[in-house]
Amino acid sequence: MKAPYHEIGIVNTREMFRKAMEGGYAVPAYNFNNMEQLQAIIVGCVESRSPVILQVSKGARDYANQTLLRYMAMGAVQMAREMDSRIPITLHLDHGDSFELCKSCIQSGFSSVMIDGSHLPYEENIKLTKQVVDYANPYDVSVEGELGVLAGIEDEVSSEVSHYTDPKQVQDFVDRTGVHSLAISIGTSHGAYKFKLKPGEAVPPLRFDILREVEKRLPGFPIVLHGASSVLQKYVAMINAYGGNLQGAAGVPEEQLREAARSAVCKINIDTDGRMVVTAVVRRILAENPGEFDPRKYLGPARKELMEVIKHKNTNVLGSAGRY
Ligand code: G3H
Ligand code: 13P
Ligand code: ZN
């Protein structure tokens, strides 16, 4: 069945993940809500020759309008091609919370959807995930499921505590749902405050033991890491220096993400870092130039900085740079 996404020039994640698994790197999944973020992601990935997953949350759909987002993605593909780039681009629904939402995204041109039933009882998660997979398969749309709960905000689902993924469940879940990739919980969480650290205390390591156990039980199967921003301290400091207040913000160290990317982790989700870069630069420019009121004068430099951070991540953290 011809899926609406075929008209947009985007792809599903199958080939991307196969290559990432083979090459020992992870494909970046960057969230976007506006034009400047999208431009930074596309130009950053074109210039570093990295595949990319453009990620849209339910909140982003409400903010920017689903139809507009579809055409923005279409424009982004055109822009990349005009830059003479063949990088594969996926348009993905992040944290879909219902069958209807996934269906609507597939019909409006998404090539990949996440159905997040991680907060549901196990059997209900299976039932919902399978329903989405059965709908998506004839359109050749990729489906990501989740087992285990991340602490923090998962779009409109929030959780105080995390529950690590139980490796004993993963094979059964994948077999019974037919899902194409699986997000797992190994100690990351969403947002800017991933770890409560006492002064001088280091960030605890991710639960690589769980990841290895999952890999053993699902050999060659693509694993997804959510909540994978590093909360770059340069931008925390800049935000705080220019009137912000982000005390104690901490993220996943880059070396740990690099290690995860070398394993079965094929997709790494990054939203918070992008938000922080933009906020830091906008704060600095407005503080230094109180008379400025042209958004291009502060959003332009913010976009440029975000593009540099994206190139850095692709090159030095995910290892996805130079693959296309
Ligand atoms: O996982 C959550 C993402 O960072 C999306 O956040 O729901 O505020 O757009 P949002
Ligand atoms: P961060 O909050 O760590 O950027 O995670 C984003 C994410 O997982 C989106 O699904
Ligand atoms: Zn997430």
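In the block above lies the structure referred to throughout.
Because the structure is predicted, anything quoted here is derived from the model rather than measured.

### Observations concerning the site of ligand 2
Residues in close proximity to ligand 2 total 15 residues, the closest being Asp 94, Lys 194, Ser 229, Asp 271 and Thr 272. With respect to ligand 2, the side chain of His 190 contributes an N or O atom lying 3.0 Å from an oxygen atom. Contact between ligand 2 and His 226: an oxygen atom at 3.1 Å from a side-chain N or O atom of the residue. Summarising the interface, the protein chains cover 96% of the accessible area of ligand 2, which totals 310 Å² for the free molecule. Those elements giving two or more residues to the shell around ligand 2 turn out to be strand 3 (89-96) and strand 10 (265-270). When its residues are assigned to classes, the shell around ligand 2 shows two nonpolar, ten polar and three charged.

### Topic: the pattern of salt bridges
Evaluated as defined, the whole model comprises 21 salt bridges. Note that Arg 18 is salt-bridged to Glu 22, the shortest N-O span being 2.8 Å. Within this pair, Arg 18 and its partner Glu 22 are both found in helix 1 (residues 14-23), separated by four residues, close to a single helical turn. Classification of Glu 22 as exposed rests on a relative accessible area of 64%. We note a salt bridge from Lys 216 to Glu 213, for which the minimum N-O separation is 3.6 Å. Placement of the pair is Lys 216 and Glu 213 together in helix 8 (residues 208-217), with a separation of three residues, close to one helical turn. Here Glu 213 falls in the partly exposed class, since its relative accessible area comes to 26%.

### Notes on the coordination of the zinc ion (ligand 3)
The coordination sphere of the zinc ion (ligand 3), as far as protein atoms go, consists of His 95 (NE2), His 190 (NE2) and His 226 (ND1), spread over 2.1 Å. Expressed as a motif, the donor residue spacing for the zinc ion (ligand 3) is H-x94-H-x35-H. In this pair, His 95 is assigned in strand 3 and His 226 in the loop between strand 9 (223-225) and helix 9 (233-241), connecting sequence segments 131 residues apart. The two residues His 95 and His 226 agree in class, both being buried.

### Side note on the sheet that holds strand 9
Spatially, eight strands are ordered 1-2-3-4-5-8-9-10 in a closed barrel, and the strand pairing comes out parallel. Strand-to-strand twist in this sheet, taken as the mean axis angle between neighbours without regard to direction, amounts to 25 degrees. As paired elements, strand 8 (residues 181-184) and strand 9 share two bridges and run parallel to each other. Counted as the bridge partner of Ala 183 is Val 224 from strand 9. Of the strands in this sheet, strand 1 (27-31), strand 2 (52-57), strand 3, strand 5 (142-147), strand 8 and strand 10 touch helix 1, which is tilted by about 110 degrees from strand 10. The strands touched by helix 2 (residues 35-47) within the sheet are strand 1, strand 2 and strand 3, with strand 2 carrying the most contacts at an inclination of about 165 degrees.

### A look at the packing of aromatic side chains
Per the counting criterion, the structure on display carries three aromatic pairs. Centroid distance Tyr 122 to Phe 173: 6.4 Å. Interplanar angle 45 degrees. Geometry classified as tilted. Separated by 51 residues along the polypeptide, Tyr 122 in helix 6 (residues 122-136) and Phe 173 in helix 7 (residues 167-177) bring together distant segments of the chain. Overall, the relative accessible area of 0% leaves Phe 173 in the buried class. Ring geometry for Tyr 135 against Tyr 139: centres 5.5 Å apart, planes inclined by 45 degrees, an arrangement best described as tilted.

Calculation criteria
Residues numbered from 1 in each chain as written. Chains lettered and ligands numbered in written order. Predicted model: local features only at pLDDT ≥ 70, side-chain atom pairs only at ≥ 80, totals over all residues. Heavy atoms only, no water. Near = heavy atom within 4 Å. Polar contact = N/O pair within 3.5 Å; in protein donor to acceptor, adjacent residues only side chain to side chain. Areas by Shrake-Rupley, 256 points an atom, 1.4 Å probe, with all protein chains shown as cover. Helix = DSSP H or I, 4+ residues; strand = E, 2+ residues; numbered from the N terminus. Nonpolar A, V, L, I, M, F, W, Y, C, P; charged D, E, K, R; others polar. Salt bridge = Lys/Arg side-chain N within 4 Å of Asp/Glu carboxyl O. Buried < 20%, exposed > 50% of the residue type's maximum accessible area, 1.4 Å probe, protein only. Donors = N, O, S within 2.8 Å, 3.2 Å for Na, K, Ca; no water. Pairing = 2+ DSSP bridges. Axes fitted to C-alpha atoms, helices over the stretch in contact; angles between N-to-C directions. Contact = heavy atoms within 4.5 Å. Phe/Tyr/Trp six-rings, centres within 6.5 Å; stacked < 30°, edge-to-face > 60°.

In short, geometric facts, not functional conclusions.
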